Amino acid sequence: MTVRGIIWAVLLAVAAVVSIGVSIHGVWNAMSVDFRQDTVLTSVYCAMPILCFPVFLLVRPASRSTFLLSLMALTFLGSYSVLNWRTCSELGYCESMMATTMQTLSTDMVLSFFAVVILNLIALLVDDHVGVWGYKK
């Protein structure tokens, strides 16, 4: 095994562990959240993290998995930001939608989701057997 192969395997292993953590946190959120208010938004907020590990594990080629995970992370950020905006606007302490989005982006859950995407992307770029778009070199 080459050094690039070892780096690739370590990156994917770390991404797998982080994505398992994101999925477990998503299951925890789904069990503890109230779905009666904003049902669609709350469902998206819970479903995206739950699907993180299954998409990471089952979708192939790796480039397609990375693309799908990035769309899911952006969707999760959007739904989480809107839910945060509704909460803080009800209580009257919001600054702006952009400030709320930036504060949401700094949460551990969102950062972990984006870490899975970044680790997967770096592993895709390091892989010496597969090109950037998932086709054999």
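Structure: see above.
(A) Structural context of the packing of aromatic side chains. What the rule picks out here adds up to 5 aromatic pairs. Through a chain of ring-to-ring contacts, the aromatic side chains of Tyr45, Phe76, Tyr80 and Phe113 assemble into a single cluster.

(B) Region of interest: the state of the cysteines. Throughout the structure, instances matching the rule amount to 1 disulfide. With a sulfur-sulfur separation of 1.6 Å, Cys88 is cross-linked through a disulfide to Cys94. Note on the Cys88 and Cys94 pair: the S-S dihedral is about 90 degrees, so by sign convention the disulfide is right-handed. With no disulfide of its own, Cys46 lies closest to Cys52 among cysteine sulfurs, the gap being 14 Å. On the basis of relative accessibility, which here comes to 2%, the residue Cys46 falls in the buried class.

(C) Region of the structure containing the pattern of salt bridges. Using the criterion set out here, one finds 2 salt bridges in the structure. In this structure, the salt-bridge partner of Arg36 is Asp34, at a minimum N-O distance of 3.0 Å. Classification of Asp34 as partly exposed rests on a relative accessible area of 36%.

(D) Geometry of the packing of helix H1 (residues 3-32) against helix H6 (residues 108-126). In the contact formed by H1 and H6, the axes pass within 9 Å of each other and the chain directions differ by 155 degrees. For the element pair H1 / H6, the angle class is roughly antiparallel. For the element pair H1 and H6, the recorded crossing hand is left-handed. Seen from H1, the contacting residues are Arg4, Ile7, Trp8, Leu11, Leu12, Val14, Ala15, Val18, Ser19, Val22, His25 and Gly26; seen from H6, they are Met109, Ser112, Phe113, Val116, Leu119, Asn120, Ile122, Ala123, Leu125 and Val126. For the contact of H1 with H6, a count of residues per class yields 16 nonpolar, 5 polar and 1 charged.

Cut-off values and rules
- Residues numbered from 1 in each chain as written.
- Predicted model: local features only at pLDDT ≥ 70, side-chain atom pairs only at ≥ 80, totals over all residues.
- Heavy atoms only, no water.
- Phe/Tyr/Trp six-rings, centres within 6.5 Å; stacked < 30°, edge-to-face > 60°.
- Disulfide = S-S within 2.5 Å.
- Buried < 20%, exposed > 50% of the residue type's maximum accessible area, 1.4 Å probe, protein only.
- Salt bridge = Lys/Arg side-chain N within 4 Å of Asp/Glu carboxyl O.
- Axes fitted to C-alpha atoms, helices over the stretch in contact; angles between N-to-C directions.
- Helix = DSSP H or I, 4+ residues; strand = E, 2+ residues; numbered from the N terminus.
- Parallel < 35°, antiparallel > 145°, perpendicular 65-115°, else oblique.
- Left-handed = near helix turned anticlockwise from the far one by under 90°.
- Contact = heavy atoms within 4.5 Å.
- Nonpolar A, V, L, I, M, F, W, Y, C, P; charged D, E, K, R; others polar.

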